[in-house]
Amino acid sequence: QSVLTQPPSVSGAPGQRVTISCTGSRSNIGAGYDVDWYQQLPGTAPKLLIYENNNRPSGVPDRFSGSKSGTSASLAITGLQAEDEADYYCQSYDSSLSGSVFGGGTKLTVL
Amino acid sequence: QVQLVQSGAEVKKPGASVKVSCKASGYTFTNYYMHWVRQAPGQGLEWMGVINPSGGSTNYAQKFQGRVTMTRDTSTSTVYMELSSLGSEDTAVYYCARPTDRGAFDIWGQGTMVTVSS
């Protein structure tokens, strides 16, 4: 299984708010390493959504936000839209593994 | 614009090796590390390793050590990822990804499908 733990799936109706959790340990998120989030639409490469825990790249709507506390991080999406339906991945660095690690991914379904 | 263009799909037999290329453009090639990430069908993202195009130093994920080799050609701004002793479990899309200064992967290649089948 993945070093970072995410729920396999979340869902919400259009306009609603959803959150996706990413749980790590003292060797990655808990050690203070940044968490980044990616959105992956079917058949495409991942796209950077949130970097350095809570920053949005240019062009990413402010409906997307990130936070980090202790050994966990969260991605929040407000005002859900149909085009948000995708897979979402968190990523950090792990000092025990001396490399980057990903969460297992969360499939967001917009009802 | 900044762009990473990868080589085309490959079909390999079990036990063979595959070499995937990633050509960078739109920025100074030696100023940014390059990572490789793979994704098996229906599965999540898996980090494979990273290369420093400036000096060629590498750091591989423990899972792939001894089986993966990452190299670069500064004359063509291209990085390569070679994976040997292929098995069916290596069937996946392989991505190169360029990180920001703090490590987030902001630029991705289009992906290269590698199929391992007898």
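Details of the structure are given in the entry above.
The text that follows walks through the structure, step by step, so that each part is easy to find. Because the structure is predicted, anything quoted here is derived from the model rather than measured. (Residues numbered from 1 in each chain as written. Chains lettered and ligands numbered in written order. Predicted model: local features only at pLDDT ≥ 70, side-chain atom pairs only at ≥ 80, totals over all residues. Heavy atoms only, no water.)

Overview of the overall build of chain A
Step number 1: Of the regular secondary structure elements, chain A holds zero helices and nine strands.
Step number 2: Counted from the first residue to the last, chain A has its helices and strands arranged as β-β-β-β-β-β-β-β-β.
Step number 3: Here the C-alpha atoms of chain A give a radius of gyration of 13 Å, agreeing with the 13 Å that 2.2 N^0.38 yields for 111 residues.
Step number 4: If you line up chain A on its principal axes, its C-alpha atoms span 40 × 25 × 25 Å.
Step number 5: Across the 111 residues of chain A, 46% fall into the buried class.
Step number 6: As displayed, chain A has an accessible area near 5000 Å², and 47% of this comes from carbon and sulfur atoms.
Step number 7: Of the charged side chains in chain A, 7 are positive and 9 negative, and the gap between their average positions amounts to 4 Å. (Helix = DSSP H or I, 4+ residues; strand = E, 2+ residues; numbered from the N terminus. Rg over C-alpha atoms; globule rule 2.2 N^0.38 Å. Buried < 20%, exposed > 50% of the residue type's maximum accessible area, 1.4 Å probe, protein only. Areas by Shrake-Rupley, 256 points an atom, 1.4 Å probe, with all protein chains shown as cover. Lys, Arg positive; Asp, Glu negative; His and termini not counted. Charge placed at Lys NZ, Arg CZ, Asp CG, Glu CD.)

What to know about the overall build of chain B
Step number 1: When its secondary structure is counted, chain B shows zero helices and 11 strands.
Step number 2: Secondary structure elements in chain B, listed N-terminal to C-terminal, are β-β-β-β-β-β-β-β-β-β-β.
Step number 3: Computed over the C-alpha atoms, the radius of gyration of chain B is 13 Å, within 12% of the 13 Å expected from 2.2 N^0.38 for a compact globule of 118 residues.
Step number 4: Each principal axis of the C-alpha distribution contributes one length, and for chain B these read about 40 × 25 × 25 Å.

Observations regarding the nonpolar core
Step number 1: One finds Phe102(A), Met34(B), Trp36(B), Met48(B), Met81(B), Leu83(B) and Trp108(B) to be the most contacted residues of the largest nonpolar core, which totals 39 residues.
Step number 2: Contributing elements (two or more residues each) for this core: strand 3 (18–25), strand 4 (34–39), strand 5 (45–51), strand 7 (68–73), strand 8 (78–83), strand 9 (92–99), strand 10 (105–108) and strand 11 (112–116) of chain B.
Step number 3: Counting residues in each nonpolar core, the second largest holds 22 residues, with Leu4(A), Leu49(A), Leu75(A) and Leu108(A) among its members. (Core = buried A, V, L, I, M, F, W, Y, C linked by side-chain atoms within 4.5 Å.)

Digging into the interface of chain A and chain B
Step number 1: Taken together, the contact pairs 19 residues of chain A with 17 residues of chain B.
Step number 2: Summed over both sides, the interface between chain A and chain B buries roughly 1400 Å², with carbon and sulfur atoms accounting for 57% of that surface.
Step number 3: Contributing elements (two or more residues each) for the side of chain A that touches chain B: strand 3 (36–40), strand 7 (86–94) and strand 8 (99–102) of chain A.
Step number 4: When grouped by side-chain class, the residues that make up the side of chain A that touches chain B number eight nonpolar, eight polar and three charged. (Contact = heavy atoms within 4.5 Å. Buried area = accessible area lost by both parts, 1.4 Å probe. Nonpolar A, V, L, I, M, F, W, Y, C, P; charged D, E, K, R; others polar.)

Examining the pattern of salt bridges
Step number 1: Scanning all chains against the criterion turns up nine salt bridges over all chains.
Step number 2: Taken together, the shared-partner salt bridges connect Arg38(B), Glu46(B), Lys63(B), Arg67(B) and Asp90(B) into one network. (Salt bridge = Lys/Arg side-chain N within 4 Å of Asp/Glu carboxyl O.)

Description of the sheet that holds strand 1 (residues 3–6) of chain B
Residues and elements named next belong to chain B.
Step number 1: A sheet is described by the order of its strands in space; here four strands give the open sequence 1-3-8-7, paired in antiparallel fashion. Because the sheet does not close on itself, it has two edges, and the strands there are strand 1 and strand 7. Strand-to-strand twist of the sheet, defined as the mean angle between neighbouring strand axes without regard to direction, takes the value 20 degrees.
Step number 2: Here strand 3 runs beside strand 8; their pairing, made up of six bridges, is antiparallel. Bridge pairing in strand 8 links Val-20 to Met-81. (Pairing = 2+ DSSP bridges. Axes fitted to C-alpha atoms, helices over the stretch in contact; angles between N-to-C directions.)

Quick notes on the packing of aromatic side chains
Step number 1: The final tally for this structure, using the stated rule, is eight aromatic pairs over all chains.
Step number 2: Summarising the aromatic geometry, the rings of Tyr38(A) and Phe105(B) are spaced 6.3 Å apart at their centres and angled 45 degrees between planes, so their arrangement reads as tilted. Here Tyr38(A) is found in strand 3, whereas its partner Phe105(B) is found in strand 10 on a different chain.
Step number 3: Put simply, the rings of Tyr38(A), Phe102(A), Tyr95(B), Phe105(B) and Trp108(B) pair up and form one aromatic cluster.
Step number 4: Lys19(B) extends its terminal NZ or CZ atom over the ring of Tyr80(B), reaching a point 4.9 Å from the ring centre.
Step number 5: Taking the ring centre of Tyr32(B) as reference, the NZ or CZ of Arg98(B) above it sits at 3.8 Å. (Phe/Tyr/Trp six-rings, centres within 6.5 Å; stacked < 30°, edge-to-face > 60°. Lys NZ or Arg CZ within 6 Å of the ring centre and 35° of its normal.)

A closer look at the pairing of strand 3 of chain A
Residues and elements named next belong to chain A.
Step number 1: The buried fraction of strand 3 is high, at five of five residues.
Step number 2: Of the two faces of strand 3, the one holding Asp-36, Tyr-38 and Gln-40 and the one holding Trp-37 and Gln-39 are both buried throughout.
Step number 3: Note that strand 3 and strand 7 share five bridges and pair antiparallel. What sits directly across from Trp-37, in strand 7, is Cys-90.
Step number 4: The antiparallel hairpin formed by strand 3 and strand 4 (residues 47–50) contains six residues in its connecting segment, where Gly-43 sits at a positive phi of about 75 degrees.

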